[in-house]
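In case you want the letters, here they are:
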Amino acid sequence: NEAQSLLEKATRLDDANAMGYVNLGYVYLQKERWAEAEKACRKAVQLDPKSVLGWSNLGLACVNQGNRSGARIAWKNAAELDPEDETIRRNLEKL
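Let us look at the structure shown here. Please read these numbers as outputs of a predicted model, since none were measured by experiment.

## Structural notes on the side chain of Ser51
- In this structure, Ser51 sits in the loop between helix H3 (34-47) and helix H4 (52-63).
- Taking relative accessible area as the criterion, Ser51 reaches 9% and is therefore assigned buried.
- In this structure Ser51 touches Val22, Val45 and Leu81, once residues within four positions along its chain are discounted.

Have a look at this one:
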C-alpha cells in the first residue's frame, strides 16, 4: 500500500514526528495488523503524550489483541484529554 510505504519512510526520516506514527498506526489498524499498529501508536504517544488520536488508536490495537487492560489504560488517557469524545467513552463502557 502506497500510504503505508510513504508513512514508513517518513517515520524513518523523522523519528520524532508523532503524527507520522499516529497515521502509520491507523494504516496498520485498517489492515488489521494489530501488533504493528500498537507499536506505532505507542511511539506516537511516547513522542506526544497529549495525542488523543494516538491513545485512542492504541486502545483499538490493544483490544484487538485481547489486551483489555492495555486498551482501558489507553482509552482512559484519551478520555482525560478529550472528555467530550463519545467514541472513547463508548469504547471504555464496552470493556
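## Comments concerning the state of the cysteines
- Going through the model one piece at a time under the given rule, you end up with zero disulfides.
- No disulfide involves Cys41; its sulfur sits 8.6 Å from that of Cys62, the nearest cysteine.

## Describing the pattern of salt bridges
- Overall, the coordinates contain four salt bridges when judged by the stated rule.
- Residue Lys43 pairs with Asp15 through a salt bridge whose shortest N-O separation is 3.4 Å. Within this pair, whereas Lys43 is found in helix H3, its partner Asp15 is found in the loop between helix H1 (2-13) and helix H2 (18-30), the two being separated by 28 residues in sequence.
- Of the charged contacts in the structure, one is a salt bridge between Glu36 and Arg33, with a shortest N-O distance of 2.6 Å.

## A few points about the packing of H3 against H4
- The geometry of H3 relative to H4 is characterised by a closest axis approach of 8 Å and an angle of 155 degrees between their N-to-C directions. Accordingly, the angle class assigned to the pair H3 and H4 is roughly antiparallel. Viewed along their axes, H3 and H4 form a crossing whose handedness is left-handed. Residue-level contacts link Trp34, Ala37, Glu38, Cys41, Arg42 and Val45 of H3 to Gly54, Trp55, Asn57, Leu58, Ala61 and Cys62 of H4.
- Considered class by class, the residues forming the contact of H3 with H4 number eight nonpolar, two polar and two charged.

Rules and cut-offs
By convention here, each chain's residues receive numbers from 1 onward along its written sequence. It should be noted that, the model being predicted, local features are given only for residues of pLDDT at least 70 and side-chain atom pairs only at 80 or more, the latter also being counted only at that level, while totals for whole chains, interfaces and linings use all residues. Calculation of side-chain values draws on the structure's entire complement of heavy atoms; hydrogens and water are dropped beforehand. Here a helix means four or more residues in a row that DSSP labels H or I, a strand means two or more in a row labelled E, and each is numbered from the N terminus. Working definition: with a 1.4 Å probe on protein chains only, accessible area under 20% of the residue-type maximum means buried, over 50% means exposed, and in between means partly exposed. What makes two residues a contact is simply this: any of their non-hydrogen atoms within 4.5 Å. Disulfides are defined as pairs of cysteine sulfur atoms found within 2.5 Å of each other. One side-chain nitrogen of Lys or Arg within 4 Å of one carboxyl oxygen of Asp or Glu is enough to make a salt bridge. Interaxial angles span 0 to 180 degrees and are taken between N-to-C directions of axes, which are lines fitted to C-alpha atoms, for helices over the stretch in contact. For classification purposes, an angle smaller than 35 degrees is called roughly parallel, one larger than 145 roughly antiparallel, one from 65 to 115 roughly perpendicular, and anything else oblique. In this scheme, a crossing is called left-handed if the near helix is turned counterclockwise away from the far one by less than a right angle; it is called right-handed if the turn is clockwise. Gly is put with the polar residues, along with every residue not named as nonpolar or charged; the nonpolar set is Ala, Val, Leu, Ile, Met, Phe, Trp, Tyr, Cys and Pro, and the charged set is Asp, Glu, Lys and Arg.

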